[in-house]
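Read off the chains here:
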Amino acid sequence: MVDISVQQLTGFGLANVLPRRGVMPDAIGAALGMTVGEGPVTSVGETLALWGNAPGQWLAYTGIASTDWADDLAHKLAATAAVVDQSSAYVLFNLTGTDAQRLLQKGLPVDLATLEPGAVVVSTIAHLGVIVQFGAPGDYFLATFRSFTGALRHWIDASIAAL
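Reference entry: report on the structure contained in this document. (Residues numbered from 1 in each chain as written. Predicted model: local features only at pLDDT ≥ 70, side-chain atom pairs only at ≥ 80, totals over all residues. Heavy atoms only, no water.)

1. Side note on the packing of aromatic side chains
Across all of its chains, the model carries six aromatic pairs by this definition. With a centroid separation of 6.1 Å and 75° between ring planes, the pair formed by Phe 145 and Phe 148 is classed as edge-to-face. Of the residues examined, Phe 148 reaches a relative accessible area of 27% and is grouped as partly exposed. Aromatic ring contacts, followed pair by pair, group Trp 51, Tyr 61 and Phe 141 into a single cluster. (Phe/Tyr/Trp six-rings, centres within 6.5 Å; stacked < 30°, edge-to-face > 60°. Buried < 20%, exposed > 50% of the residue type's maximum accessible area, 1.4 Å probe, protein only.)

Here it is in structure tokens:
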């Protein structure tokens, strides 16, 4: 029996955080009251996580987003970064279970066994752009553009059936 659960999340918030010229991660962290790491890692605050998805850039994630959460984030970061709400542009899946890594390894050209919890990978699965956030062993978030939802879900379901 395959141990994997796939949940398409709702009510979350995602926003690009693009620092102003010369602004370092510590300034972003000071504005948010958290430590912000550099590179493809997850930085965790009280109600917000920053997923390093490009050099010096992050995708802000909150599990429960109010309608003005991105505006609030932009206000906090006004002196340090631009914030662009991407919540309606992405679909977010949460894959959990002991077989989640084995499933993702079928399509993701990255050795997931070498990653530490908190790692972020920007890559492709079945030619579809994905951002994969490794929360803990057996716990992954997959963000993809909304227009890719059906194709990615088809790949997930077909790959689970083949495990």
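2. Quick notes on the sheet that holds strand β6 (residues 81-85)
Strands sit in the order β3-β4-β5-β2-β6 across an open sheet of five strands; the sheet is antiparallel. Whereas interior strands pair on both sides, the edge strands pair on one side only; in this sheet they are β3 (42-44) and β6. Neighbour-to-neighbour, the strand axes of this sheet turn through a mean angle of 25°, independent of strand direction. Of the pairings in the sheet, the one linking strand β4 (residues 49-54) to strand β5 (residues 57-62) comprises five bridges and is antiparallel in character. The partner of Trp 51 across the bridge, within β5, is Leu 59. (Pairing = 2+ DSSP bridges. Helix = DSSP H or I, 4+ residues; strand = E, 2+ residues; numbered from the N terminus. Axes fitted to C-alpha atoms, helices over the stretch in contact; angles between N-to-C directions.)

3. Let's talk about a negative patch on the surface
On the surface, a cluster of negative charge is contributed by Asp 68, Asp 71, Asp 72 and Asp 85. Examined against the element boundaries, Asp 85 turns out to sit in strand β6. (Patch = residues over 30% accessible without salt bridge, like charges linked within 9 Å, V, L, I, M, F, W, Y side chains within 5 Å. Areas by Shrake-Rupley, 256 points an atom, 1.4 Å probe, with all protein chains shown as cover. Salt bridge = Lys/Arg side-chain N within 4 Å of Asp/Glu carboxyl O. Lys, Arg positive; Asp, Glu negative; His and termini not counted. Charge placed at Lys NZ, Arg CZ, Asp CG, Glu CD.)

4. Description of the nonpolar core
Counting residues in hydrophobic clusters, the biggest one holds 20 residues, and the most contacted among them are Leu 95, Leu 104, Ile 125, Val 132, Tyr 140, Leu 142 and Leu 152. For this core, the secondary-structure elements that each account for two or more residues are β7 (90-96), α3 (100-105), β8 (120-125), β9 (128-136), β10 (139-145) and α4 (149-162). Top contributing element to this core by residue count: β9, with four residues. Setting aside residues up to four positions removed in sequence, Leu 104 forms contacts with Leu 95, Leu 112, Ile 125, Val 132, Tyr 140, Leu 142 and Trp 155. (Core = buried A, V, L, I, M, F, W, Y, C linked by side-chain atoms within 4.5 Å. Contact = heavy atoms within 4.5 Å.)

5. Quick notes on the layout of surface pockets
Estimated volume of the largest pocket: approximately 280 Å³. Every residue lining the largest pocket is counted, 15 residues in all, and those nearest its centre are Thr 47, Leu 48, Trp 69, Leu 73 and Lys 76. If one sorts the elements of the lining of the largest pocket by residue count, helix α2 (residues 69-76) sits on top with four residues. The residue makeup of the lining of the largest pocket, split by class, is seven nonpolar, five polar and three charged. (1 Å grid on protein atoms, 1.4 Å probe; cavity = no way out; pocket = protein on both sides within 12 Å on 5 of 7 lines; lining within 4 Å. Points joined across faces, edges and corners; volume = space filled by probe spheres on them. Nonpolar A, V, L, I, M, F, W, Y, C, P; charged D, E, K, R; others polar.)

6. A word on unusual backbone geometry
Even without a glycine there, the phi angle at Ala 126 is positive, about 55°. On the accessibility criterion, Ala 126 (40% relative accessible area) is partly exposed. Phi angles above zero are rare outside glycine, and His 127 is one such case at about 70°.

7. Here we look at the pairing of β8
Of the pairings in the sheet, the one linking β8 to β9 comprises six bridges and is antiparallel in character. Opposite Ile 125, over in β9, you have Leu 128 as the bridge partner. Between β8 and β9, which pair antiparallel and follow one another directly, the connecting turn spans two residues, one of which, Ala 126, has a positive phi of 55°.

8. A short note on the sheet that holds β9
Ordered in space as β1-β7-β10-β9-β8, the five strands form an open sheet in which the pairing is antiparallel. Only two strands of the sheet have a single partner each, and these edge strands are β1 (5-8) and β8. Averaged over all adjacent pairs, the angle separating strand axes in this sheet is 25°, with direction ignored. Relative to β7, β1 runs antiparallel, the two being bridged by four bridges. For Val 6, the partnering residue across the bridge sits in β7 and is Leu 95.

Keep in mind these numbers describe shape, not what the thing actually does.
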